[in-house]
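Overview (structure and organization)
Below, each chain spelled out in residue letters.
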Amino acid sequence: VLSYQTPDEGWSCTFEVHRYLVLCTHRHQAALERYREHVLDFCDNVSQSPMVETLARTVEVLPDEGLVYVGAGALGGGVSLLGRWWENGAGGMIEDFVDGMNLDGRYSHLSDDDSQSEQVNDDAIPYV
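Residues numbered from 1 in each chain as written. Predicted model: local features only at pLDDT ≥ 70, side-chain atom pairs only at ≥ 80, totals over all residues. Heavy atoms only, no water.

What the protein contains, in helices and strands, is four helices and two strands. What you see in the protein, going N to C, is helices and strands ordered as β-β-α-α-α-α. For the protein, long-range pairs separated by at least 24 residues make up 38% of all intrachain contacts whose partners lie at least 6 apart in sequence. Taken as a whole, the protein presents about 10,700 Å² of accessible surface, with 59% of it coming from carbon and sulfur. (Helix = DSSP H or I, 4+ residues; strand = E, 2+ residues; numbered from the N terminus. Contact = heavy atoms within 4.5 Å. Areas by Shrake-Rupley, 256 points an atom, 1.4 Å probe, with all protein chains shown as cover.)

What follows covers the pattern of salt bridges. Enumeration over the complete set of coordinates arrives at three salt bridges. With a closest N to O distance of 2.7 Å, Arg 84 and Asp 96 form a salt bridge. Under the relative-accessibility criterion, Arg 84 is labelled partly exposed at 36%. Across the salt bridge formed by Arg 106 and Asp 99, the nearest N and O atoms sit 3.2 Å from each other. Taking relative accessible area as the criterion, Arg 106 reaches 53% and is therefore assigned exposed. Members of the salt-bridge network, linked through shared partners, are Asp 99, Asp 104 and Arg 106. (Salt bridge = Lys/Arg side-chain N within 4 Å of Asp/Glu carboxyl O. Buried < 20%, exposed > 50% of the residue type's maximum accessible area, 1.4 Å probe, protein only.)

Moving on, we come to the confidence of the model for the protein. Within the protein, residue pLDDT values average 76, and 73% of them lie at 70 or more. Mean pLDDT across the secondary structure elements of the protein bottoms out at helix H4 (residues 112-122), with 47, and peaks at helix H3 (residues 67-101), with 87. Confidence over residues 115-128 falls short of pLDDT 50; this stretch has two contacts with residues more than four positions distant or in other chains. (pLDDT = per-residue confidence, 0-100.)

With that settled, consider the packing of helix H2 (residues 50-65) against H3. It is at 11 Å that the axes of H2 and H3 come closest, and there the two elements cross at 170 degrees. For the element pair H2 / H3, the angle class is roughly antiparallel. Judged by residue contacts, Pro 50, Met 51, Thr 58, Val 61, Leu 62 and Glu 65 of H2 engage Leu 67, Tyr 69, Val 70, Asp 99, Gly 100 and Met 101 from H3. (Axes fitted to C-alpha atoms, helices over the stretch in contact; angles between N-to-C directions. Parallel < 35°, antiparallel > 145°, perpendicular 65-115°, else oblique.)

For Asn 102, which is not glycine, the phi torsion reads 60 degrees and is therefore positive. Counting through the fold element by element, Asn 102 comes out in the loop between H3 and H4. Exposure remark for Asn 102: the relative accessible area of 0% places this residue in the buried category.

What follows is the structure, encoded as structure tokens:
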């Protein structure tokens, strides 16, 4: 077993090796560091997506409404979604998927830097 710890995150990475295996851990570490920001942005976008909000809302009402009513609502929504995809084709399906998963970041909240810059602009003295 070969293991090392990443310098920035402190993650412990472990590889199972044998005597005939040639492994370049630097290459794997460079790929992780290269795509880290993309993966973090993807996770942030998905966590703020309408799909996650709908799923959380459904889980909250499940004890009150019961599984039958929630399942009936999901079935009705699924049938209408399939009808929409039938009318709009693959383009509509892809658009709905991107929108529902927030892959374009449209529903992402402002980052700390953006909210601070807007706060500074809001505090400016208006012209009279």
